[in-house]
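Take a look at the letters that make up each chain.
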Amino acid sequence: MLIISKFRDYYDASVGYGVDKTIIYERETRVVKSKEFFLDDYIAGENYYRGFDWVRGSKIALHEWKIIGFCGKTYVLLIEKTKETAGDPAFETIEYFYGDEILERVFRNKKDKWRYKETRDFINKWHNKEFFDFFLTNKAPIFSVQPLGRYLKTDLEVQLNHSLEEFKFFRIFDSFSAFQEIQMFISGVLGISSPKTLEIDNKERIKQAGFDLKWSFRNPDPPKRKQK
């Protein structure tokens, strides 16, 4: 697969195993609007999924939710940012959790059972689930979006061909596996390949037409006299 892009992603290193130039991934980041990614219900409160400051021990934590689309499926990501006090200008650490890791991180003692259930239902709906139509409509193997609740249902901005390294997506697919998945998805599902104007030399054209290079087009049968 040939990647045309202005930025590098973590799976780009796998290009070193060989480039199939008939499969082209034009990795241009762009934004589209969609109403697809709204929560069916509130998961742990109105502001919980949108992100808010709260105290975890002696630190201030901010949670942000993402839905990551990758090669026909969606994955739930929770980004946790922490800092010492609310007055600190920047967050000290940023951690990333996928799927059931989120439940283990946020609900360590599972005291808030209704919040736990809402979050679990949200993860069960969106994590590692097939979601082909959006990929096909937008001709992109990757996207990211921050979901919102049903009472705020407006067009959401979805980023196509976003960097996966930023979201530590190697926790889901290693570099080689991610590269292979994208290559197969582009060629087998999206049907994106090299331009039709690709030049083919005369010898290849002759072979494709079913003729032997040793004999001419006008007289494809070899002469009966013995050849030297």
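The rules behind these values
- Residues numbered from 1 in each chain as written.
- Predicted model: local features only at pLDDT ≥ 70, side-chain atom pairs only at ≥ 80, totals over all residues.
- Heavy atoms only, no water.
- Salt bridge = Lys/Arg side-chain N within 4 Å of Asp/Glu carboxyl O.
- Helix = DSSP H or I, 4+ residues; strand = E, 2+ residues; numbered from the N terminus.
- Buried < 20%, exposed > 50% of the residue type's maximum accessible area, 1.4 Å probe, protein only.
- Core = buried A, V, L, I, M, F, W, Y, C linked by side-chain atoms within 4.5 Å.
- Contact = heavy atoms within 4.5 Å.
- Expected span 1.5 Å × (residues − 1).
- Polar contact = N/O pair within 3.5 Å; in protein donor to acceptor, adjacent residues only side chain to side chain.
- Phe/Tyr/Trp six-rings, centres within 6.5 Å; stacked < 30°, edge-to-face > 60°.
- Lys NZ or Arg CZ within 6 Å of the ring centre and 35° of its normal.

Some details on the pattern of salt bridges
Oppositely charged side chains can pair when the atoms bearing their charge come close. Summed over the entire model, instances satisfying the criterion amount to 7 salt bridges. Arg27 is the salt-bridge partner of Asp12, the closest N and O atoms lying 2.8 Å from each other. Here Asp12, found in the loop between strand E1 (2–5) and strand E2 (24–27), pairs with Arg27, found in strand E2; they are 15 residues apart in sequence, far enough to count as distant. Its relative accessible area of 10% is what places Asp12 among the buried residues. Taking the shortest distance from any N to any O, the salt bridge between Asp121 and Arg120 comes out at 3.7 Å. Taking the relative accessible area as the measure of exposure, Arg120 reaches 32% and is therefore partly exposed.

Thoughts on the nonpolar core
One finds Tyr11, Phe37, Phe70, Phe143, Phe169 and Ile182 to be the most contacted residues of the largest nonpolar core, which totals 51 residues. Broken down by element, this core gets its largest block of residues, 6 residues, from helix H4 (residues 175–190). Among all residues touching Phe143, those that are not within four sequence positions of it are Phe37, Ile67, Ile68, Gly69, Thr74, Phe131, Phe134, Phe135, Val158, Gln159, Leu160 and Asn161.

Here's the deal with the environment of Glu165
Within the secondary structure, Glu165 is located in the loop between strand E12 (156–160) and H4. Placed 10 residues apart in sequence, Glu165 and Ser175 show a C-alpha to C-alpha distance of 9.9 Å. Discounting chain neighbours no more than four positions away, the residues touching Glu165 are Arg8, Asp9 and Tyr10.

Re H4
Spanning 16 residues, H4 covers 21 Å between terminal C-alpha atoms, matching the ideal 22 Å at 1.5 Å per step. If you check which residues of H4 are buried, you get Ala178, Phe179, Ile182, Gln183, Phe185, Ile186 and Leu190. Turning to H4, the residues buried within the fold contact E1, E2, strand E6 (59–70), helix H3 (132–138) and strand E10 (142–145). For H4, the capping residue at the N-terminal end is Asp174, with a side-chain oxygen 3.2 Å from the backbone nitrogen of Phe176. Of the residues trailing H4, Gly191 is marked for its positive phi of about 70°.

Comments concerning the packing of aromatic side chains
Overall, the coordinates contain 19 aromatic pairs when judged by the stated rule. Taking the centre distance of 5.7 Å and the plane angle of 80° together, the rings of Tyr10 and Tyr11 count as edge-to-face. Between Phe131 and Phe134, the ring centres sit 6.4 Å apart and the planes meet at 35°, which makes this aromatic pair tilted. The burial state of Phe131 is the same as that of Phe134; both residues are buried. One aromatic cluster in this structure is built from Phe37, Trp126, Phe131, Phe132, Phe134, Phe135, Phe143 and Phe185. The aromatic ring of Phe7 is capped on one face by Arg27, whose charged end is 4.6 Å from the ring centroid.

Some details on the environment of Ile79
Tracing the backbone through its elements, the reader meets Ile79 in strand E7 (residues 73–83). For Ile79 and Lys66, which are 13 residues apart along the polypeptide, the C-alpha to C-alpha distance reads 7.8 Å. Among residues more than four places away in sequence, those in contact with Ile79 are Leu62, His63, Glu64, Lys66, Ile94, Glu95, Tyr96 and Phe167.

Everything listed is a geometric property; what it means functionally is a separate question.
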